[in-house]
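# Descriptive analysis of the structure
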Amino acid sequence: MNTKYIVILAVIALLAIGGFYFSINRNSAPQIPVEFNNNSTPVIPQNQNSVSVPTSPDVPKTTHAISIQNFAFSPTLITIKKGDSIVWINKDSVAHTATSDTGEFGSLSLSTNENYNRVFNTVGTFKYHCTPHPFMKGTIIVTE
Ligand SMILES: [Cu+2]
């Protein structure tokens, strides 16, 4: 009789221990975050029909500096690529301009260390001068 009870107690104890371990294992199971995508319909980007094409080719544009110093443009002649820009910087203590001979572009009067920037999008030869000092001349050649 006693051994029966011992066996039953042992079984109960084993079940209890098993349940205890089971609950521990459940609780200590690694909590892996699972993201459910509730949005079952695929997101279709708007403007699907219009493909965006860059309006200008991704060619790096260069800015070329022309210094105005000692009553002269330096360099006097410069060759650049279409789309490049020129920045004139007045290094003189006297005011100068960079003025197109044909009136296509022109700076205001540039004081010391002031600059004037212009993009050249057209192939060609562009001559310019300084309005207060017409003997100051320069040429920009723009190529493809
Ligand atoms: Cu000048």
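Residues numbered from 1 in each chain as written. Predicted model: local features only at pLDDT ≥ 70, side-chain atom pairs only at ≥ 80, totals over all residues. Heavy atoms only, no water.

### Here we look at the nonpolar core
Core analysis: the biggest nonpolar cluster contains 18 residues, and Phe73, Ile86, Trp88, Phe120, Tyr128 and Ile140 have the highest contact counts within it. With sequence-adjacent residues up to four places away left out, Ile140 is seen in contact with Ile78, Ile80, Ile86, Trp88, Phe120, Gly124, Thr125, Phe126 and Tyr128. (Core = buried A, V, L, I, M, F, W, Y, C linked by side-chain atoms within 4.5 Å. Buried < 20%, exposed > 50% of the residue type's maximum accessible area, 1.4 Å probe, protein only. Contact = heavy atoms within 4.5 Å.)

### Focus on the coordination of the copper ion
Donor atoms from the polypeptide that bind the copper ion are His96 (ND1), Cys130 (SG) and His133 (ND1), placed at 1.8 to 2.0 Å. In the primary structure, the donors to the copper ion are separated according to the pattern H-x33-C-x2-H. One end of the pair, His96, is in the loop between strand E4 (85-90) and strand E5 (99-100); the other, Cys130, is in the loop between strand E7 (124-129) and strand E8 (137-143), and 34 residues separate them in sequence. In this pair, the class of His96 matches that of Cys130, namely buried. (Donors = N, O, S within 2.8 Å, 3.2 Å for Na, K, Ca; no water. Helix = DSSP H or I, 4+ residues; strand = E, 2+ residues; numbered from the N terminus.)

### Describing the sheet that holds E5
Pairing in this open sheet of 4 strands is mixed, and the strands run E3-E8-E7-E5 from one edge to the other. Both outer strands of the open sheet, strand E3 (77-81) and E5, are each paired with one neighbouring strand and no more. Of the pairings in the sheet, the one linking E5 to E7 comprises 2 bridges and is antiparallel in character. The residue of E7 that forms the bridge with Ser100 is Tyr128. (Pairing = 2+ DSSP bridges.)

### Quick notes on the environment of Ser74
You can see Ser74 is positioned in strand E2 (residues 72-74). Here Ser74 falls in the partly exposed class, since its relative accessible area comes to 41%. When the C-alpha positions of Ser74 and Trp88 are compared, they lie 9.3 Å apart, and in sequence the two are 14 residues distant. Excluding residues that lie within four positions of it along the chain, Ser74 makes contacts with Ala65, Ile66 and Ser67.

### Focus on the pattern of salt bridges
When charged atoms on two side chains of opposite charge get close, those side chains can pair. Scanning the entire structure with this criterion turns up 1 salt bridge. Linking Lys82 and Glu144 is a salt bridge whose minimum nitrogen-to-oxygen distance equals 3.5 Å. With Lys82 in the loop between E3 and E4 and Glu144 in the segment after E8, this residue pair connects regions lying 62 residues apart in the sequence. Exposure remark for Lys82: the relative accessible area of 35% places this residue in the partly exposed category. A relative accessible area of 63% means that Glu144 is categorised as exposed. (Salt bridge = Lys/Arg side-chain N within 4 Å of Asp/Glu carboxyl O.)

### Quick word on the confidence of the model for the chain
With 59% of its residues at a pLDDT of 70 or more, the chain has an overall mean of 79. Low pLDDT (under 50) marks residues 24-32, which in the prediction has 0 contacts with non-local residues, meaning those over four places away or in another chain. (pLDDT = per-residue confidence, 0-100.)

### Some remarks on the sheet that holds strand E6 (residues 115-119)
Within a sheet, adjacent strands bond to each other through the backbone by hydrogen bonds, running parallel or antiparallel. Read from one edge to the other, the open sheet built from 4 strands follows the order E2-E1-E4-E6, with strand pairing classed as mixed. Single-partner strands in this sheet number two, and they are E2 and E6. Taking the axes of each pair of neighbouring strands and ignoring which way they run, one obtains an average angle of 20° across the sheet. Pairing of strand E1 (residues 63-69) with E4, which is carried by 6 bridges, proceeds in the parallel orientation. Pairing of His64 across the sheet is with Ile86, part of E4. (Axes fitted to C-alpha atoms, helices over the stretch in contact; angles between N-to-C directions.)

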